[in-house]
Every structure is written in structure tokens, then in C-alpha cells.
Amino acid sequence: MTAPTQAPAEGRTIYRRPLLLSNPTTYCPGCGHGIVHRLIAEVLEELGLGARTILVGSVGCSVFAYDFLRLDAVESPHGRAAAVATGVKRVRPDKIVFTYQGDGDLAAIGTAEIVHAAARGERFTTIFVNNGIYGMTGGQMAPTTLAGQKTTSSPLGRDVSTVGYPLPVTEMLSLLPGVQYAARTSVSDPVHVGKTKAAIKRAFEIQVEAKGFSIVEVLSTCPVGWGMTPTDAMHHLETDVMDFYATGVFVDRPKGIAPALPAPVGPASSPGGCSAAAPARPPSKMAGHRVEE
Amino acid sequence: MTVLDRPAGAERPHLVASPPGTGGEASPVPDRVLMKGNEAIAEAAIAAGCDAYFGYPITPQAELLEWMARRMPEEGRAFVQAESELGAINMALGASAAGARVMVSSSSPGISLMAEGMSYMAGSRLPVVLVNIMRGGPGLGSIGAAQADYLQATKGHGHGDYHVPVLAPSSIGEAIELVRDAFILAERYRTPVMILADGILGQAMEPVTPGFKHLDPPTPDWSLTGADGREPRSIHSLNLRAEDLEAHNDELQATYREIEAREVRWAGEQLEDAEVILVAYGTAARVARTAVERARAEGLKAGLFRPITLWPFPSDALREAARGTRGVLAVEMSAGQMVEDVRLAIEGAVPVFLHGRTGGSVPSPDDVVAAARRAWATTEPARREPATTRTAAMSLVKENER
């Protein structure tokens, strides 16, 4: 299955379909899921992992990912992919296991599962596709929806005074020692698509080395849910969305990259507890920071 | 009597020598050990080759989790204390999909949380053994023993058209056997199977025979191993097209009919000449057995019908047993749940009565005898001779080994 396609005798192959991609996807025009699927297929093929990889699906537009990726796959209840992946990886530690989750799935109903899988340092990878909306159910507000953004369940725009601010999941997870790699990327243009592929590759390499949990949050589009043309959606992604959500590598512990833990501001109490355990305690840089790529 | 102890740091369940003169010290493997129900269930699962256990602390099943926390790593098997019962059942889903033999356990409120995953596992045809050590409800209820989850267990925990086989031990020794049987059923039919016990069975200590039975490793031909040299497999319950989902449901229902035809289990005591039959399972059956003895000592011919599979309910056997009696009395630690299946089974042939206690209260044998007397007094004499084909429970274990 993974044998490379032979190049024609009179020429060389410039581009071919990744071997681990099967059917054409059924995603809407301008949706980013197809790009992310292709990147995963390319990375697994390049790393030679396809024959020992298990996909843990989720609920949302990507629920049929097992129809598009030529991988063994199991479906999860909404939000539970990180727990399902924990079960798979614990009994098959020699396999490569990853979850593919959207932001409604991971950042709302699945927060407990993802936080604790990350805290335990489970040795699987999460590909977290964030388009700031519940796409499959008709474009409702998600925890990741931008302030002021109109959705079918925030028809006047997201009012942060009543529903709060978007949830920066990757920043939150970056604080946990079990997280060996965490990055946020985008599919807004070819340069960022390339960076996304590099991040996905690094995340799987971390898993191959059995270091711990790795996650790549991919900022993506939902033209239908956002009420935009595909072109306008891409423009919105590279402006408003990427202005709010910093892209870059937050954690790569094998390379010594990790954010400092927040420290108390003001008079410190007696030494002890988590703060004392932290190696260095400069003032927090977590709020709205942008990590250099 | 030898006591099975577990001192901190012990590598294996530790057999403490019997006091001198009791005879136990002569034998390296005692013929009987004293074990707590939760711990016996856990050790039985380990002996049966359970590859992975996932749980969350809740009274009165916490010792099961604790036993697994120590023993599973010793055996090099998977153990995770999950962040919630939702986490635990979904870890089980993943491990089962990957072909492992898996157990989860909880008590009533936790089982409610697991209901979602049970529906998905039933829909995805994934084997797992779930243990419910029932406590009082509804809500947070109490930590006392109860049988108030009968309807939840037998009529469906989560959404959708499905059943899971439910096995109800009434002693710790029986629980040990049923754990192994539960794994057999789960893998034979690719379904979740529930062990339904109550807080007394979880917490009490009883003498049991050690030497838990081994079960050969599962050999699923459907599990996820990575699509190496074969077509990829997907395990899912989603079937968006009506005809696809109906075909899938037809397949599930055919499996349930097969289970109903082949796996019904029950036990009968003193049914041959019984005028009033007591129907009870689990701890309530222990009370009912005492009540039958007292009633007979006082001249009332009572008998005990004890369902072991609650789903499938032994309806045919109960109807046959009840034929010609004056009436049937359901004894439950609930406000009356199993009695609904008793009525369905009896089909109005004889009157059906209920004696139930709730909230962690246990019926007393004397109250049960009094209820049986009332049932006797308000019913007509037997209309014909009781059926003679009363048989004791067929052993599923023997059936499985055939």
C-alpha cells in the first residue's frame, strides 16, 4: 500500500496525489479540512508511518475523515477523542495514534479530555482544526469564535460581556509539562500551509520518539458558516483571525522551547507549591503573546 | 480460614497463613480465602486476561479501582485513573477498538455518565465488561446498597436501539465466575456486557475459592492494528443513510435475538412444590433465600426463582415455574423495577406482588415472609399441579467450554 508510485519512464513526477488520501473529500469549497487532510497524508507517507497509524476521529465536519484517509480509524463520541486515543495508545504503544478534532469538539465539549490527556503526557498527537465555529450543525458560536463575530447562535455578534472571550486552548495546554510539542499554524496561504506541514511533521516525530503529547492547532476557514466567499474567508483568516490567534511554536521541549509558568504578581507567599517547583519565574508573557517562528 | 491481605508494597495478593490448628497452614494454596467483592471482581478480571482497565473513584466500588491500580501495572497491563467516567468509558472504547480485553467499573451516578459511551460501543460493536456496584438514587442518592438501576441496565443506558447482556451475581464467588463469563459473552457477540451488583456485594467479604480461571487472549479479526498490508478498517456507529443504519440495526437486533435464545441463565430453589414463588436477584436473592427457609419452617411452601441474566430476562423459565402457583412475589432493593419484567413474563397467569425497599435499605427476611403470607392469603389455591420440569440453572461456563 505504501510502495511509491513509479515515475513514468519519460519524465519525472512533479506532483502526485498522496498515497494515503483516498476519496475526494466532501467538504465545502474553501474549507480548510481538505488541505489539512492532505498534509497529514503527505507527512505520514514521508515518515513511512501509514501502515502503523490509527486515526481517532471526532464529531463535526471531519467525522468522515476515515473515508478520506487510508488509515485504520475509530470514531469517538463528541469531544471524547483524546480519551479514545488514550485507550488506543495505552494498549498499542507501538502504533502511531492521532486525533483529528475541530474547535467545537475539542475546545467546548472535549475540554476535560484534552486537558487531562495532555496533563498525563499521553504519547499521541492531536491535530486541532480551529475555524471558530460549529460548521456541521449550521454555524453556531464556538468557544473559539472571535469577539463580535456573528453566528447563528450569536446573531448580534459574540458579546464578550455575556459569553466571554475566545478560549486560547493551545496557550493553555502549553503550560503543562506533559506537552512536548505545541504549535499554532494556519492554512491562509502557501507559506503558512508549508509551516503547518512542518509542524505536523514535528508533532509526529515527537510521537515516534515517545516523548509525550503533541498538538498542532491549525487555523482554518468555514466560508459557509462565516457567510463569506472562499476568497473572502481566506482573507478574513489571514487578517482578523490571525491577528487574534498568534501563530508559531509554543512548546518544543526536546529543543528547549517552553513558555515560563505564570508567577504571582505582587508580594509572594512563603515558598512552596507549584510556583516553587517551576524552574524560572519571570513575569507572565502568556497574555496575547506572539511567539517568533 | 485464610485471609487474603494486601500489605502496602506487596507484589501479589498476599496469603496470610491461617492461625495454627485451623488446618489452613498445611496447604500452600488455601482452598478458601476471604475476599472483598470489589477486589474479587478485579482479580477475576485479571485472571481472565483483562488487558486494560479504566476507572474513576466512586463509592462503593473504589476498591476495584484501587486493586487494579496496583495489580495491572504489576502484570504489565494498562491502567488509567480517568478524569471522569466519561473519560474512562471512552478510553475503554479506544482500547477495545484496538483489540484489547477491557473492563471499566463504577457505581450508579458514574454509570449514568458512561451511558453515552455504552451506546457508542454497542453501536460500534465493541466488547467491554462494565461493572456497576449499585448505590441508592436518584441523583447523588446514598452510598448504601440498592438495586435501583435495573431499568437503566436492562432497558438501555444511552440512546438508540440496543441491549447489553446483564449478569447479576448474588455472591462473591458467583461474581468471580460471572466476570469471566462476561468477557466470553462480550467477545462472542461483540457487545458491552454489564455485571450488575450492589454495594453489599462490592463491600462485603466472603470466603471464595481462589484459582481464578484463565481465558485465552481475544483474537478479533476486526480490530485496529494499522492498515499494514490490508485495506484500512474503520470502527464507527455513524450511518447517515437510513437504509444503511436500518441494516446495521437489523444486524444488532439479530444478535440480541441470538443472545436471548442462547444465553438466558437463572437458578431455582425449592420450586417443585412452591405455592408462592419469590423472584429476586443479587443481595435481595440472599434475603429471599432466608425468607424461603423461614416460610417453609412455618408451613408456607415458598420457592426462589433467581434470574442471573437480567437481560435477557428468563421469562419463559419464570412463566413455567409460576404455572400453577398461587402467586409470585418480587423482592427488590428498589421501588419496583424488575417486577415489570416479572409481570411481562407471567402474562397475567398468576398474581404478581412486590416487596421493595429503597434508599439503601435492605428488606428483612421476616418482612419478606410476611409479604409472602399476604400474597398467599389473597390468592386462590393452585389451579393445577405445578409443572414438574423445574430445572436448576444451566451452567453457562460449561456451555462455553463445550
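Further up the page is the structure itself.
**Student:** So, the overall build of chain A: which residues are in play, and what are the values?
**Tutor:** For chain A, the helix and strand inventory stands at eleven helices and nine strands. Within chain A, the fraction of its 293 residues that count as buried is 49%. Contacts spanning at least 24 positions in sequence make up 66% of the contacts within chain A whose residues lie at least 6 apart.

**Student:** Pulling in residues and values, what's your account of the overall build of chain B?
**Tutor:** Counting secondary structure elements, chain B contains 13 helices and 17 strands. When each of the 402 residues of chain B is scored for burial, the buried share is 53%. Nonlocal contacts in chain B, meaning residues at least 24 apart in sequence, comprise 78% of its contacts between residues at least 6 apart.

**Student:** Give me the nonpolar core: which residues, what numbers.
**Tutor:** Nonpolar side chains tend to gather and get buried jointly when the protein is soluble and globular. Core analysis: the largest hydrophobic core is formed by 205 residues, its most contacted members being V88(A), V129(B), V179(B), I195(B), L278(B), A288(B) and A372(B). By residue number, the principal contributor to this core is helix α6 (residues 172-189) of chain B, which donates eleven residues. Taken domain by domain, the makeup of this core includes at least three residues from each of domain 1 (2-18 + 28-208) and domain 2 (267-401) of chain B. Apart from residues no more than four positions distant in its own chain, A372(B) is found in contact with V276(B), L278(B), A291(B), A295(B), L300(B), A302(B) and L329(B).

**Student:** Just give me the short version of unusual backbone geometry, but keep the residues and values in it.
**Tutor:** Peptide bonds are, in most cases, trans, and in most cases residues other than glycine have a negative phi. Residue and element names in this part refer to chain B. Following T59, the chain continues to P60 via a peptide bond in cis, the omega torsion being 5 degrees. Structurally, P60 is set in the loop between β4 (52-55) and α2 (62-74). Positive phi, close to 55 degrees, is recorded for R125, a residue that is not glycine. Here R125 lies in the loop between α4 (108-123) and β7 (128-134). A positive phi is found at R190, a non-glycine position, where the angle reads about 50 degrees.

**Student:** Help me get a handle on the pairing of strand β3 (residues 96-102) of chain A, residues and values and all.
**Tutor:** Residue and element names in this part refer to chain A. Along β3, seven of the seven residues are buried, which leaves the element largely enclosed by surrounding structure. Side chains I96, F98, Y100 and G102 of β3 all project onto a buried face; the interleaved residues V97, T99 and Q101 project onto the opposite face, where all are buried too. Pairing geometry for strand β1 (residues 53-56) and β3, over four bridges, is parallel. Bridge assignment links I54 to a residue of β3, and that residue is V97. In this sheet, strand β4 (residues 125-130) lies alongside β3 in parallel orientation, the contact comprising five bridges. Residue pairing across strands places F98 opposite T125, the latter belonging to β4.

**Student:** Which residues make up the sheet that holds strand β14 (residues 302-307) of chain B, and what values do they have?
**Tutor:** By definition, the strands of a sheet pair up through backbone hydrogen bonds, in either a parallel or an antiparallel sense. Residues and elements named next belong to chain B. With mixed pairing, the five strands of this open sheet are ordered in space as β12-β14-β13-β16-β17. The open sheet has two free edges, formed respectively by β12 (266-269) and β17 (352-356), since each of these has just one partner strand. Neighbour-to-neighbour, the strand axes of the sheet open up by a mean angle of 20 degrees, direction not taken into account. Where helix α10 (residues 315-322) meets the sheet, its contacts fall on β12, β13 (276-279), β14 and β16 (327-332), and the angle it forms with β13 comes to roughly 155 degrees. Docked against the sheet, helix α11 (residues 338-346) engages β13, β16 and β17, running at close to 160 degrees with respect to β16.

**Student:** Account for α11(B), naming residues and giving values.
**Tutor:** For the α-helix, the turn length of 3.6 residues means that residues three or four positions removed from each other point alike. Residues and elements named next belong to chain B. Three or more residues of α11 are buried, namely M338, V339, D341, V342, A345 and I346. What you see down the axis of α11 is that its buried residues fit within an arc of 155 degrees, all on one side. The secondary structure elements touched by the buried residues of α11 are α5 (150-155), β13, α10, β16 and β17. After α11 finishes, the residue E347 shows a positive phi value of roughly 55 degrees.

**Student:** Which residues make up the pairing of strand β7 (residues 179-186) of chain A, and what values do they have?
**Tutor:** Residues and elements named next belong to chain A. The element β7 is largely enclosed, with a buried count of eight among its eight residues. Pairing of β7 with strand β8 (residues 213-219), which is carried by seven bridges, proceeds in the parallel orientation. Looking at the pairing, Y181 lines up with S214 of β8. Pairing of β7 with strand β9 (residues 248-252), which is carried by four bridges, proceeds in the antiparallel orientation. When the bridges of β9 are listed, A182 appears paired with V251.

**Student:** Let's hear about the sheet that holds β4(A): which residues, and what values?
**Tutor:** The mixed open sheet is built from eight strands, whose spatial order is β9(A)-β7(A)-β8(A)-β4(A)-β3(A)-β1(A)-β2(A)-β11(B). Two strands lie at the open edges of the sheet, namely β9 of chain A together with β11 (234-235) of chain B, each paired on one side alone. Here strand β2 (residues 72-74) of chain A runs beside β11(B); their pairing, made up of two bridges, is parallel. Counted as the bridge partner of V74(A) is I235(B) from β11(B).

**Student:** Quick rundown of the packing of helix α1 (residues 37-47) of chain B against α2(B)? Include the residues and the values.
**Tutor:** Residues and elements named next belong to chain B. It is the contact of α1 with α2, at a shortest axis distance of 8 Å, that shows an interaxial angle of 40 degrees. One element, α1, and the other, α2, form an angle in the oblique class. For the pair α1 and α2, the crossing hand works out as right-handed. Of the residues in α2, those touching α1 at N38, E39, I41, A42, E43 and I46 are E63, L64, W67, M68 and R71. Taken together, the residues of the contact of α1 with α2 break down into six nonpolar, one polar and four charged.

**Student:** Outline the packing of helix α3 (residues 81-91) of chain A against helix α3 (residues 85-97) of chain B, supporting the account with residue identities and numerical values.
**Tutor:** Viewed as axis vectors pointing N to C, α3(A) and α3(B) meet at an angle of 45 degrees, and their least axial separation amounts to 6 Å. The pairing of α3(A) with α3(B) is recorded here as oblique in orientation. When the axes of α3(A) and α3(B) are compared, the crossing they make is right-handed. Across from A83(A), V84(A), A85(A), T86(A), G87(A), V88(A), R90(A) and V91(A) in α3(A), the residues of α3(B) making contact are G87(B), N90(B), M91(B), A92(B), L93(B), G94(B), A95(B) and A97(B). Class assignment for the residues of the contact of α3(A) with α3(B) results in ten nonpolar, five polar and one charged.

Conventions we followed
Residues numbered from 1 in each chain as written. Chains lettered and ligands numbered in written order. Predicted model: local features only at pLDDT ≥ 70, side-chain atom pairs only at ≥ 80, totals over all residues. Helix = DSSP H or I, 4+ residues; strand = E, 2+ residues; numbered from the N terminus. Buried ≥ 20, exposed ≤ 12 C-beta atoms within 10 Å, placed from the backbone. Contact = placed C-beta atoms within 7 Å. Core = buried A, V, L, I, M, F, W, Y, C linked by C-beta atoms within 7 Å. Domains from an automatic or database assignment. Pairing = 2+ DSSP bridges. Axes fitted to C-alpha atoms, helices over the stretch in contact; angles between N-to-C directions. Arc of directions from axis to C-beta. Parallel < 35°, antiparallel > 145°, perpendicular 65-115°, else oblique. Left-handed = near helix turned anticlockwise from the far one by under 90°. Nonpolar A, V, L, I, M, F, W, Y, C, P; charged D, E, K, R; others polar.

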